[in-house]
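So the chains spell out like this:
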Amino acid sequence: MKAVLLAVALWAIAGSPAYAESCPAMLQHELPALRSKETLDLCERFAGKALVVVNTASHCGFAPQFEGLEALYQRYKGQGLEVLGVPSDDFFQESDDPEETAKVCYVNYGVTFAMAATQPVRGSDATPLFRGLAEQAGQAPRWNFYKYVVDRHGKVVAYFPSKVKPDDPELLAAVERALRP
């Protein structure tokens, strides 16, 4: 009986207009976490925060950008920035072995920001998160390491192609805009 009451209470909270308003539709999803049986509840983890979402690939020439993304995360996390890396094999540069992907991220580059398990990021198979990002930005990733900057209200304020490094002044300015209340 307690389980039923708890389920009803959780449904009431999740289905309430306040919850829907506090969590943008683009974030009302879950993604499996990299190297974990857990899932990333995007609303729980990212709603109300500025967010940089990046489609990654561990065998891509842009993989050294993991270091810059980690530095960006460390620089701004105290102000409410989150970074979400989403490995993808859409461009055939991600390992089939999640442990190898995790090693590249966590061991080789020291990533501490959130990483999802490998997901499709473009086309009709794209995760709902990336469909929402592409719709708002008017651009799906054309290669690995596309960076979407999302404000605290779930609006894409800028996106950057692969060649733009995480310490690029324009990307930093977009992050600072996204951090505003």
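Residue positions within a chain follow its written sequence, with the count starting from 1. Where totals are concerned, whole chains, interfaces and linings use all residues; where local detail is concerned, this predicted model gives features only for residues with pLDDT of at least 70, and gives and counts side-chain atom pairs only at 80 or more. Side-chain descriptors were evaluated using all non-hydrogen atoms of the structure, hydrogens and water having been removed beforehand.

Visitor: I tried to follow the pairing of strand β3 (residues 50–56) on my own but got confused; where do I start?
Guide: Residues in a regular strand point their side chains to alternate faces of the sheet. For the exposure calls, accessible area comes from a 1.4 Å probe over protein chains only, and a residue counts as buried if that area is under 20% of its type's maximum, exposed if over 50%, partly exposed in between. A helix here means a DSSP run of H or I that spans at least four residues, while a strand means a run of E at least two residues long, and both kinds are numbered starting from the N terminus. Counting buried residues in β3 gives 7 out of 7 residues, a clear majority hidden from the surface. Residues A50, V52, V54 and T56 point to one face of β3 and L51, V53 and N55 to the other, with burial holding for every one of them. Pairing between two strands is assigned when DSSP locates at least 2 bridges connecting them. Two elements, β3 and strand β4 (residues 81–87), share 7 bridges in a ladder whose sense is parallel. Bridge assignment links V53 to a residue of β4, and that residue is L84. Crossover handedness is defined here as right-handed if the route from the first strand over the helix to the second strand goes clockwise, with the strands pointing away from the viewer. What joins β3 to β4 is helix α4 (residues 65–76), and the crossover it makes is right-handed. Bridge count between β3 and strand β6 (residues 147–150): 4 bridges; the pairing is antiparallel. Within β6, the residue paired with L51 across the bridge is V150.

Visitor: Which parts of the structure should I look at to understand a negative patch on the surface?
Guide: Side chains of D96, D97, E99 and E100 sit close together on the surface and give a patch of like negative charge. Residue position: D96 is located in the loop between β4 and α5 (98–108). Judged by relative accessible area, D96 falls into the exposed class, the value being 75%. Only residues whose relative accessible area exceeds 30% and that form no salt bridge are eligible for patches; like-charged ones are grouped when within 9 Å, while nonpolar side chains (Val, Leu, Ile, Met, Phe, Trp, Tyr) are grouped when within 5 Å. For accessible areas, the Shrake-Rupley method is used with a probe of radius 1.4 Å. Any residue's cover is judged against the shown protein chains and nothing else. Put simply, a salt bridge is a Lys or Arg side-chain nitrogen that is within 4 Å of an Asp or Glu carboxyl oxygen. Charged-residue counts in this description rest on Lys and Arg as positive and Asp and Glu as negative, His and the chain ends being excluded. Here the site of a charge means atom NZ of a Lys, CZ of an Arg, CG of an Asp or CD of a Glu.

Visitor: What is the right way to read the sheet that holds strand β5 (residues 114–115) from this model?
Guide: Across a sheet, paired strands are connected by hydrogen bonds in the backbone, their directions being either parallel or antiparallel. In spatial order, the strands read β5-β4-β3-β6-β7; together these 5 strands make up an open sheet with mixed pairing. Of all strands in the sheet, those with a lone pairing partner are β5 and β7 (156–160), marking the two edges. Only heavy atoms matter for contacts: two residues are in contact if any of them lie within 4.5 Å across the pair. Note on geometry: axes are C-alpha line fits, over the in-contact stretch for helices, and angles between N-to-C directions span 0 to 180 degrees. Docked against the sheet, helix α7 (residues 169–179) engages β3, β4, β6 and β7, running at close to 160° with respect to β7.

Visitor: What should I look at first to understand the pattern of salt bridges in this one?
Guide: Two side chains bearing opposite charge may form a pair once their charged atoms approach each other closely. For the coordinates displayed, the defined rule picks out 1 salt bridge. The shortest N-O distance in the salt bridge between E82 and K49 comes to 3.4 Å. Highlighted residues: E82 in strand β4 and K49 in the loop between α3 (42–46) and β3, separated in sequence by 33 residues. By relative accessible area, E82 is classed as buried at 8%.

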